[in-house]
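# Analysis of the macromolecular model
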Amino acid sequence: MCRPSAPSVLSSAALVLLASACGPSSPDKPAAQVAAADTTPSAPAAPATVPQLPRPSDPLYRSIAAAIERGDNAQARRDLLKLAPGLHASLLNARLLALEGDAIGAVREIEAARERHPGQAAVYAAAAEIHAAGARLTSAEDELREGLALAGECAELWRARGVLALCREGGASLGLAHLLRARQLEPELEFSTHVLAEAHRLLGAAALGAKDPLQAAASARAALALEPDEHEALQLLADALAAQGDFDGALEQYERLLKLGAEVRAASLLMYTRGATAALIQGRREVALARCLRARELGASDEELGFGADLLRAELDKHIDAGLTAYDRGENEQALECFDNALRVDPQSLEALNHRAVVSFRLARYEAAAEGWRTVLELAQRTQVELPEPTHLNLARALYQLGRKDEVRALLEGWLAAHPSSEHAGATRQMLARL
């Protein structure tokens, strides 16, 4: 069953708890009958038989409603203490109680509001939304039917009908129509932004599943116009753009998701590798390489990179070979640039780090040389790689040039203690003796 992740102003879990506390209800109707109930009344509703209280215009009320809708319960609770008592304050409190896990308290608050203010659409709408989100669809219909009979056509009840439709399989289109009607009646209707965005997102997901990426992208953008940072809508837009071959646009959305802290590492890695493949097929090698590099920055393993790992290795070797050639010619600055390029491809390349340190030493940049060789030693120890050269001696020479003899002595003595029988032990002792 296709149900939105947060079909109403309350979290799904809280609403399910709240709905279950409302008492038993009759079994839901078969799908064909439910569809008919969803669309009642098909003609304009009769005028309200109960006078309706005006919707609150207090900025504080709207601020509290917005805080609840975005899930900022603490702020809503603090501000609610400042709001004058009344119907709408009671309904806000009911929503907050449900979010805070007090399902029974929330139900009591709603029922008390119903008793104090009979026939008010806002009460029936809130109750219907709670029942719908808790999968008690028959109870939701009953609330709507009674609310329509007493209050007539109004924005709150159209919103509740939209929520009910979204909780039904394949109900996104109908839900969107109801929610748009609610917004038509009241453009600034509270608690309608998220569900309206969700209706667009669900329609977009259905379009993408039906291989209509253009419509999927349009629906995703409509959802994002309402909630610009909503993660699922951003990912839907990214996937729709990728399905159109627009990997630049898709990857832009994934970068936005990563910046927002969304858990999309695996999905973004897949998108970057797919994008790299597409770029390579198009003959855009530099773009493919950049996408592979970004995937590597995100922590992609060679296995996750696939062919991209081979592409990166070839690029790494190209820069290292160019650096060695420049070094042999005495073009030290050029060599240094080549090894820097190699390290951009693989920051942990022992070969590139060592060569860069060698060039830095030749240029009398002893601090950079020492830093490079120290990194080589640390990486080799961490990865348990045996170095072909006595890198510790090179590091000692760089430190000596910097006048840090105490560090040289500590380095050499520590190395000898760890490698007393190494082939480089003799040279190490000789260097110690010369200090």
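Everything quoted here is computed from the prediction, not taken from an experiment.

### Brief notes about the overall build of the chain
Helix and strand counts for the chain stand at 24 helices and 0 strands. Of all intrachain contacts in the chain linking residues separated by at least 6 positions in sequence, the fraction that spans at least 24 positions is 58%. As displayed, the chain has an accessible area near 20,900 Å², and 54% of this comes from carbon and sulfur atoms.

### Observations concerning the layout of surface pockets
Looking at the largest pocket, its volume works out to about 620 Å³. Taken together, 22 residues line the largest pocket, and the ones lying closest to its centre are Leu 377, Val 385, Leu 387, Trp 415 and His 419. A per-class count over the lining of the largest pocket returns 10 nonpolar, 7 polar and 5 charged.

### Focus on the side chain of Glu 109
The topology assignment puts Glu 109 in helix H6 (residues 103-116). Summary of buried charges: Glu 109 has no salt-bridge partner, and the nearest side chain of opposite charge, Arg 116, is 4.3 Å away. In terms of polar contacts, Glu 109 uses its side chain to reach the side chain of Ser 90, at 3.4 Å.

### Concerning the confidence of the model for the chain
Per-chain confidence: the chain averages 86 in pLDDT, with 89% of residues scoring 70 or above. This model gives residues 1-44 a pLDDT under 50, and the stretch forms 98 contacts once residues within four places in sequence are excluded.

### Focus: unusual backbone geometry
Negative phi is the rule for most residues except glycine; trans is the rule for most peptide bonds. Phi is positive for Phe 191, close to 60°, though the residue is something other than glycine. Along the polypeptide, Phe 191 turns up in the loop between helix H10 (172-185) and helix H11 (193-209). Positioned with a positive phi, Gln 384 is a non-glycine residue whose angle comes to about 55°. Counting through the fold element by element, Gln 384 comes out in the loop between helix H21 (366-383) and helix H22 (391-401). In this structure Gln 384 comes out as exposed when scored by relative accessible area, which is 74%.

### Notes on the packing of helix H13 (residues 231-243) against helix H15 (residues 265-281)
At a minimum axis distance of 12 Å, the contact between H13 and H15 shows a crossing angle of 20°. Relative to H15, the element H13 is oriented roughly parallel. Here the hand of the crossing between H13 and H15 comes out left-handed. Only Ala 267, Met 271 and Arg 274 of H15 make contact with H13, whose side of the interface consists of Gln 235, Ala 238, Asp 239 and Ala 242. The class makeup of the residues in the contact of H13 with H15 is 4 nonpolar, 1 polar and 2 charged.

### Here we look at empty space enclosed by the protein
This model, assessed by the stated rule, comprises 2 cavities of 30 Å³ or more. Empty space within the largest cavity amounts to approximately 80 Å³. In terms of lining, the largest cavity is formed by Tyr 61, His 88, Leu 91, Leu 92, Arg 95, Ala 122, Glu 156, Arg 159, Glu 190 and Phe 191. Sorting the residues of the lining of the largest cavity by element identifies helix H5 (87-99) and helix H9 (155-166) as the ones contributing at least two each. When residues of the lining of the largest cavity are assigned to their parent elements, the largest contribution, 4 residues, is made by H5.

### Quick notes on helix H19 (residues 332-345)
The terminal C-alpha atoms of H19 lie 20 Å apart, and with 14 residues this matches the ideal 20 Å at 1.5 Å per residue to within 8%. Turning to H19, its buried residues number three or more, namely Asn 332, Ala 335, Leu 336, Cys 338, Phe 339, Asn 341, Ala 342, Leu 343 and Val 345. Of the surrounding secondary structure, the elements contacted by the buried residues of H19 are helix H16 (285-297), helix H18 (307-328) and helix H20 (350-362).

### Quick look at the environment of Leu 258
Within the fold, Leu 258 resides in helix H14 (residues 247-259). Overall, Leu 258 belongs to the partly exposed group, its relative accessible area being 23%. As for Leu 258 and Ser 268, which are separated by 10 residues in sequence, their C-alpha atoms are 8.5 Å apart. Those residues in contact with Leu 258 that sit more than four places away from it in its chain are Val 264, Ser 268, Arg 294 and Leu 298.

The rules behind these values
Residues numbered from 1 in each chain as written. Predicted model: local features only at pLDDT ≥ 70, side-chain atom pairs only at ≥ 80, totals over all residues. Heavy atoms only, no water. Helix = DSSP H or I, 4+ residues; strand = E, 2+ residues; numbered from the N terminus. Contact = heavy atoms within 4.5 Å. Areas by Shrake-Rupley, 256 points an atom, 1.4 Å probe, with all protein chains shown as cover. 1 Å grid on protein atoms, 1.4 Å probe; cavity = no way out; pocket = protein on both sides within 12 Å on 5 of 7 lines; lining within 4 Å. Points joined across faces, edges and corners; volume = space filled by probe spheres on them. Nonpolar A, V, L, I, M, F, W, Y, C, P; charged D, E, K, R; others polar. Buried < 20%, exposed > 50% of the residue type's maximum accessible area, 1.4 Å probe, protein only. Lys, Arg positive; Asp, Glu negative; His and termini not counted. Salt bridge = Lys/Arg side-chain N within 4 Å of Asp/Glu carboxyl O. Polar contact = N/O pair within 3.5 Å; in protein donor to acceptor, adjacent residues only side chain to side chain. pLDDT = per-residue confidence, 0-100. Axes fitted to C-alpha atoms, helices over the stretch in contact; angles between N-to-C directions. Parallel < 35°, antiparallel > 145°, perpendicular 65-115°, else oblique. Left-handed = near helix turned anticlockwise from the far one by under 90°. Expected span 1.5 Å × (residues − 1).

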